[in-house]
Structure formats: structure tokens, C-alpha cells
Amino acid sequence: ALSPVDILGLVAACPNLQVLSLSECKVDDALLRGLAASACAPRLVGLRLWMCQSTGSPAALGALLQASAPKLAWLDIEAFFHNHTRRQTIDHAEWLLPLRSCAELRVALLPNRLPRDALGALARPGGKLELLSIDGEGPRTPLSHIEPFAHAGYTALDLHGFVLDAHAGEAACRLANRLV
């Protein structure tokens, strides 16, 4: 029952907040950009936006991820875009590219139907990602989509929501520590 203004008021009262989990809230660009401008954004270690009534844009989500980049280690936005229709085109690069600057990211629970190139943008040399989950409605993500991680020097990833496909090379198969 909290409005975006209520949430921003609570966050402003908690400048040392390290984990923010919003479930079934109304999330819009003003809230995402307000969170990005808050004192707690650079301190966030964990961020979860779950089944929210979201009108938030990928660009505003990207602004929050960029502001949270210094310490963000755990991200769950698996169901952030759940209320977008399948016909809507989402520019995932607008939030995936800022996510690349999150050097401490260890767990990423992301929405399904990410384009291969957009997902590959997450692969960064020296990255600490340990668990990559791509889940949601629709077909599973091909394992071949993680090839960029193998070429960026990752040695093991726990994976969820992927399916072995004919285009998955040996490097991608070796990289899949656990495939659920």
C-alpha cells in the first residue's frame, strides 16, 4: 500500500540502508531515479524489485544500478518487467550496461528473453559473478548465450533457466558449474 513517495521517505530516513527489497509495490521512474539519488544508493549491497506494478523504464533502472555499482553484490530483478506485454520492446542494454559496472556483483537473478548480446555485456574480465539466473515465462535461454563469460575468464558459474543447445561450445559447457 506504499506509494513511491512513501518509499522515498522511508529510504531518506535510512541513509545507511544496505539491502532494499520492494515486493508488489508501485515502481515508476521517479522512484527509481529518487532511489538512485538517495544517500543509501552507493551503500546498497542487495537490491530486489519483485512483482512490482512497474512503469519504470530500463533507463531509470539503469540509473539506480549505476548509483549502486560500488557495492552491489546481489540483484533480483527477475520479475521487474513481468507486467510488460510481449509486444513491448524493452531495451535491456539500458540497464545491463550499467550493471556491468557493478564489480562486486556475485548473484544476478534476471528476467528471461534477454538478447544474447545484451547478456554478453555482463561478462567482464575480473568479474565475481557466481550465480546467473535467467527465468520467467517463455522459452529458456540457450546455454550458448554465456559464451562471452567463458572468453572473459570466468571459470565456473552456477546457472538457472538455461537450456543446453547445439550452439553451446566446449567453453560454455565447462563454465556451467551447475545447470538447474
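Rules used in this analysis
Residues numbered from 1 in each chain as written. Predicted model: local features only at pLDDT ≥ 70, side-chain atom pairs only at ≥ 80, totals over all residues. Heavy atoms only, no water. Helix = DSSP H or I, 4+ residues; strand = E, 2+ residues; numbered from the N terminus. Rg over C-alpha atoms; globule rule 2.2 N^0.38 Å. Buried < 20%, exposed > 50% of the residue type's maximum accessible area, 1.4 Å probe, protein only. Contact = heavy atoms within 4.5 Å. Lys, Arg positive; Asp, Glu negative; His and termini not counted. Charge placed at Lys NZ, Arg CZ, Asp CG, Glu CD. Salt bridge = Lys/Arg side-chain N within 4 Å of Asp/Glu carboxyl O. Core = buried A, V, L, I, M, F, W, Y, C linked by side-chain atoms within 4.5 Å. Pairing = 2+ DSSP bridges. Axes fitted to C-alpha atoms, helices over the stretch in contact; angles between N-to-C directions.

What about the overall build of the protein chain?
Line of reasoning, step 1. Tallying secondary structure elements over the protein chain gives seven helices and eleven strands in all.
Line of reasoning, step 2. Taking 16 Å as the expected radius of gyration for a compact globule of 180 residues, we find that the protein chain reaches 16 Å, a close match to that expectation.
Line of reasoning, step 3. Along the first, second and third principal axes, the C-alpha atoms of the protein chain reach 50 × 35 × 25 Å.
Line of reasoning, step 4. Counting every position in the protein chain, which comprises 180 residues, the buried fraction comes to 46%.
Line of reasoning, step 5. Within the protein chain, residue pairs in contact and separated by at least 24 positions form 67% of the contacts whose partners lie at least 6 positions apart.
Line of reasoning, step 6. Side chains of the protein chain give 16 positive and 17 negative charges; the mean places of these two sets differ by 3 Å.

Thoughts on the side chain of Asp165
Line of reasoning, step 1. By the element assignment, Asp165 lies in the loop between strand S10 (162-163) and helix H7 (170-175).
Line of reasoning, step 2. Despite its burial, Asp165 pairs with no opposite charge, the nearest such side chain being Arg116 at 6.1 Å.
Line of reasoning, step 3. Apart from residues no more than four positions distant in its own chain, Asp165 is found in contact with Pro142, Leu143 and Ser144.

Things to note about the nonpolar core
Line of reasoning, step 1. Of all hydrophobic cores here, the largest spans 52 residues; its most connected members are Trp95, Leu99, Leu110, Leu132 and Phe149.
Line of reasoning, step 2. Residues in contact with Leu99, not counting those within four places in the same chain, are Leu65, Leu72, Leu75, Leu105, Leu110 and Leu122.

Focus: the sheet that holds strand S6 (residues 107-111)
Line of reasoning, step 1. Read across the open sheet, the seven strands follow the order S1-S3-S5-S6-S7-S9-S11; overall the sheet is parallel. Lying at the two open borders of the sheet, with one neighbouring strand each, are strand S1 (19-23) and strand S11 (176-179). If you compare each strand with its neighbour and ignore which way they point, the axes differ by 15 degrees on average.

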